[in-house]
Amino acid sequence: MKDQYLVQWFRQMAVLLHCGIPATRAIEACAKQTSDPQLRSASATILKELRVGQRFSEAMRAAGAPFTPLHGGA
């Protein structure tokens, strides 16, 4: 995966969250916008984890690559 896809994903998330879009809807939108299959799959994992009550950082950690501990926190 190219870093540009991950950078674009985070930029889109930031804009959508800043506009007041709920995190789950923002992630769905970002997943639909990316052409990277790994990032799309990781986004689906994050959504699944959030919907069962996990914190965002835990959901990112569960998604694994392309997200790193730096992205999801400690």
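Look a little higher up for the structure.
Definitions and limits used
Residue numbers restart at each chain and count upward from 1, following the sequence in its written direction. With the structure being a predicted model, the display of local features is reserved for residues of pLDDT at least 70 and the display and counting of side-chain atom pairs for 80 or more, all residues being used for whole-chain, interface and lining totals. The side-chain numbers reported here are obtained from all heavy atoms of the structure, hydrogens and water having been left aside. Working definition: helices are DSSP H or I runs of at least four residues, strands are E runs of at least two. Numbering for both runs from the N terminus. Atoms considered for the radius of gyration are the C-alpha atoms alone. The globule rule reads 2.2 Å times the number of residues to the power 0.38. By definition here, a salt bridge exists when the distance from a side-chain nitrogen of Lys or Arg to a carboxyl oxygen of Asp or Glu is within 4 Å. Orientation is described by lines fitted to C-alpha atoms, with helices fitted over the stretch in contact, and by angles between N-to-C directions that extend from 0 to 180 degrees. Any two residues having at least one pair of non-hydrogen atoms within 4.5 Å are treated as being in contact. As a working rule, the residues Ala, Val, Leu, Ile, Met, Phe, Trp, Tyr, Cys and Pro are called nonpolar, Asp, Glu, Lys and Arg charged, and the rest polar, with Gly in that last group. Here is the rule for angles: anything less than 35 degrees is roughly parallel, anything more than 145 is roughly antiparallel, 65 through 115 is roughly perpendicular, and the remaining ranges are oblique. For a crossing to be left-handed, the near helix must be turned anticlockwise from the far one by less than a right angle; the clockwise case is right-handed.

**Topic: the overall build of the chain**
- Regarding its fold elements, the chain presents five helices and zero strands.
- From first element to last, N terminus to C terminus, the chain shows the α and β order α-α-α-α-α.
- By the compact-globule yardstick of 11 Å for 74 residues, the chain fits well, its C-alpha radius of gyration being 11 Å.
- For the chain, the spread of C-alpha atoms along the three principal axes comes to 30 × 25 × 20 Å.

**Here we look at the pattern of salt bridges**
- Applying the stated criterion across every chain yields a total of two salt bridges.
- Notably, a salt bridge pairs R51 with E28, separated by 2.4 Å at the nearest N-O pair. A residue pair is termed long-range when its members are at least 10 positions apart, and R51 in helix α3 (residues 37-51) and E28 in helix α2 (residues 23-33) qualify at 23 residues.
- Note that R55 and E58 form a salt bridge whose closest N and O atoms lie 3.5 Å from each other.

**Quick word on the packing of helix α1 (residues 3-18) against α3**
- One way to put it is that α1 packs onto α3 with a least axis distance of 11 Å and a crossing angle of 35°. Of α3, the residues touching α1 (which contributes Y5, L6 and W9) are L39, S43 and I46.
- Looking at the contact of α1 with α3 residue by residue, the class counts come to five nonpolar, one polar and no charged.

**Points about the packing of α3 against helix α4 (residues 56-63)**
- Where α3 meets α4, the closest approach of the two axes is 8 Å, and the angle between their N-to-C directions is 140°. Considered as vectors, α3 and α4 are oriented oblique to each other. Crossing geometry of α3 relative to α4 is assigned as right-handed. Along its contact with α3, which presents A42, T45, I46, E49 and L50, the element α4 presents F56, A59, M60, A62 and A63.

Read these as geometric descriptors, not functional statements.
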